[in-house]
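# Notes for the structure review
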Amino acid sequence: MNITLWGVRGSIPTTSPDTAAYGGNTSCVEVDADDWMLVLDAGTGIQGLNRSKNLRKGRIDILLTHLHIDHIQGLGFFQPLFDPEAEVHIWGPAGNSQSLRARLGRYFSPPLFPVYFRNLTCNLILHEIEKSEFTIGPFSVSSDYVIHPGPTVGFRIQNQDSVFTYIPDHEFVLGSNPLKLKDLRWLSGRTLADGADLLLHDAQYTTDEYQKKQGWGHSSMDDTIHYGKLNQVKKLLLTHHDPMHSDEQLNLLKTQLREKYNSAVDFDIAVEGSRIEL
Ligand SMILES: [Zn+2]
Ligand SMILES: [Zn+2]
């Protein structure tokens, strides 16, 4: 499968020249294989996909980890939603009281957006997911709830060649020290990340920043490297970069982390626009 990173920034988009190298768009990842396409989250990065020659006609599946604005901000601007020939499936986490349609409908309505769900001209199908397993074309997909404010899932996507795990918003250390867990089944996201060929995971903060932002739903870079090691992933990509982290800071952090962890786990920092063959 091929993975294209269209948006790797957390919280809000940034267009500062200081963030040009790593990119300023919010979460959106394209996964394609055998002429099928999955879109993971619909942040502002989805604009890059709109312009891509790879954007396929016919069926497209959008898998939403949760409905925070940085993950759905680009949804209403996604061209296939307005294409009568397109069949668009939106998969998103079930909530406690309101349906996925009702919760997404708050975005697709004034004053936030001028277009209602009923105005979308594609063939739209919504799917509510929990701890679920489903198949889309060549992909076997598992979803499971992970620790983050509000109903939030991560995804494990497998085809005949490889396993890709996507958990962009995740505070797995909340309430426990994962390094002291005797049984890793209690580790948030464990069923998704275990042994993955590639894990794309939240690493918004430095350790110092995290001390001031415990409970905000995100992870430090250091903790995420431990998480990759605990789950024995083959490759780890740190994502959901803090909007305040410049290219220069991210480069410096990468160098420091490489020195600190040496060969603990093969990791890198996600860069907008990069394409990975798995
Ligand atoms: Zn987010
Ligand atoms: Zn979030």
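Bear in mind that the values here come from a model prediction, so they are computed numbers and not experimental data. Counting of residues starts from 1 at the beginning of each chain's written sequence and follows it residue by residue. Each chain gets a letter, beginning with A, and each ligand a number, beginning with 1, in the order they are written. The predicted nature of this model means local features are confined to residues of pLDDT at least 70 and side-chain atom pairs, given and counted, to a pLDDT of 80 or more, with totals for whole chains, interfaces and linings taken over all residues. Water and hydrogen atoms were dropped before computing side-chain values, which therefore reflect all heavy atoms in the structure.

### Side note on the coordination of the zinc ion (ligand 2)
In ideal tetrahedral geometry, four donors around a metal make angles of 109.5 degrees, whereas ideal octahedral geometry with six donors gives angles of 90 or 180 degrees. To be explicit about the condition: Donor atoms (N, O, S) are those found within 2.8 Å of the metal centre, with the cutoff raised to 3.2 Å for Na, K and Ca; water is not part of the atom list, so apparent gaps in a site can occur. Where helices and strands are cited, they refer to DSSP runs of H or I of at least four residues and of E of at least two residues respectively, numbered from the N terminus.
With distances of 2.1 to 2.5 Å, the protein atoms coordinating the zinc ion (ligand 2) are His66 (NE2), His68 (ND1), His148 (NE2) and Asp169 (OD). Summarised as a motif, the one-chain spacing of the donors to the zinc ion (ligand 2) is H-x1-H-x79-H-x20-D. Between the zinc ion (ligand 2) and the zinc ion (ligand 1) the interatomic distance comes to 3.5 Å, and aspartate 169 is a ligand of both metals. Of this pair, histidine 68 sits in the loop between β4 (59–63) and α2 (69–72) while aspartate 169 sits in the loop between β10 (163–167) and α4 (190–193), placing them 101 residues apart in sequence.

### What to know about the sheet that holds strand β6 (residues 123–129)
Applied cut-off: In this description, strands pair whenever DSSP reports at least two bridges between them. Lines are fitted to the C-alpha atoms to define the axes, a helix being fitted only along its stretch in contact, and any angle between axes, read from their N-to-C directions, falls within 0 to 180 degrees.
Sheet architecture is open: seven strands sit in the order β6-β5-β4-β3-β2-β1-β14, paired in mixed fashion. Every interior strand has two partners, whereas the edge strands, β6 and β14 (275–277), have only one. The sheet shows a mean angle of 20° between the axes of neighbouring strands, taken without regard to direction. By the bridge criterion, three bridges tie strand β3 (residues 36–40) to β4 in an arrangement that is parallel. Bridge pairing in β4 links leucine 38 to aspartate 61.

### Things to note about the layout of surface pockets
In plain terms, the rule: Throughout, the protein atoms alone are placed on a 1 Å grid, and a set of points is a cavity if a 1.4 Å probe fits but cannot get out or a pocket if it is open with protein on both sides within 12 Å along at least five of seven lines; lining residues have an atom within 4 Å of a point. Grid points are joined across faces, edges and corners, and a volume is the space filled by probe spheres set on the points. Each residue gets one of three labels, nonpolar for Ala, Val, Leu, Ile, Met, Phe, Trp, Tyr, Cys and Pro, charged for Asp, Glu, Lys and Arg, and polar for the others, Gly among them.
If you add up the space inside the largest pocket, you get close to 160 Å³. Lining the largest pocket we find Leu67, Ile69, Ile72, Arg103, Leu104, Arg106, Tyr107 and Leu112. Here the residues of the lining of the largest pocket are counted per class, giving six nonpolar, no polar and two charged.

### Here we look at the pattern of salt bridges
Keep this limit in mind: Whenever Lys or Arg places a side-chain nitrogen within 4 Å of a carboxyl oxygen from Asp or Glu, that contact is recorded as a salt bridge. Partly exposed describes any residue whose relative accessible area lies between the buried limit of under 20% and the exposed limit of over 50%, with all areas from a 1.4 Å probe on protein chains only and scaled to the type maximum.
Applying the stated criterion across every chain, the model contains 11 salt bridges. Arginine 275 serves as the salt-bridge partner of aspartate 32, at 3.5 Å between the closest nitrogen and oxygen. Of this pair, aspartate 32 sits in strand β2 (residues 28–33) while arginine 275 sits in strand β14; the two residues are 243 residues apart in sequence, bridging distant segments of the chain. In this structure, aspartate 35 and arginine 56 form a salt bridge, with 3.8 Å as the shortest nitrogen-oxygen distance. Placement of the pair is aspartate 35 in the loop between β2 and β3 and arginine 56 in the loop between α1 (46–51) and β4, with a sequence separation of 21 residues. With relative accessibility at 61%, the residue aspartate 35 sits in the exposed group.

### Topic: the coordination of the zinc ion (ligand 1)
Basically, it comes down to this: Working rule for geometry: tetrahedral if four donors all subtend angles between 85 and 135 degrees; square planar for four, octahedral for six, if opposite donors exceed 155 degrees and the others stay between 65 and 115; irregular in every other situation.
The zinc ion (ligand 1) binds to the protein through Asp70 (OD), His71 (NE2), Asp169 (OD) and His240 (NE2); the donor distances cover 2.1 to 2.2 Å. Classification of the site at the zinc ion (ligand 1) as irregular follows from its four donor atoms and the range of 93 to 166° in their angles at the metal. Between the donor residues of the zinc ion (ligand 1), the gaps in sequence give the motif D-H-x97-D-x70-H.

### Here we look at unusual backbone geometry
Following proline 110, the chain continues to proline 111 via a peptide bond in cis, the omega torsion being 5°. With respect to the helices and strands, the residue proline 111 is situated in the loop between α3 (100–105) and β6. Although it is not a glycine, serine 11 adopts a positive phi angle of roughly 70°. Note on placement: serine 11 falls in the loop between β1 (2–7) and β2. The partly exposed category is assigned to serine 11, whose relative accessible area is 28%. In this structure, aspartate 35 is a non-glycine residue whose phi angle is positive, near 65°.

### Description of helix α7 (residues 247–261)
Count 3.6 residues to each turn of an α-helix, and residues three or four apart come out pointing the same way. Put simply, the rule is: Residue count minus one, scaled by 1.5 Å, sets the expected span of a helix. Any two residues having at least one pair of non-hydrogen atoms within 4.5 Å are treated as being in contact.
Between the first and last C-alpha of α7 there are 21 Å, a value that for 15 residues agrees with the 21 Å anticipated at 1.5 Å per step. The inward-facing, buried residues of α7 abut α6 (221–230), β12 (236–239) and β13 (267–269).

### Considering the sheet that holds β12
An order of β7-β8-β9-β10-β11-β12-β13 is seen for the seven strands of this open sheet, with the pairing classed as mixed. A strand with exactly one partner marks an edge of an open sheet, and here the two such strands are β7 (132–136) and β13. Sheet twist, expressed as the average angle between the axes of neighbouring strands with direction ignored, equals 20°. With five bridges joining them, β7 and strand β8 (residues 139–145) adopt antiparallel strand pairing.

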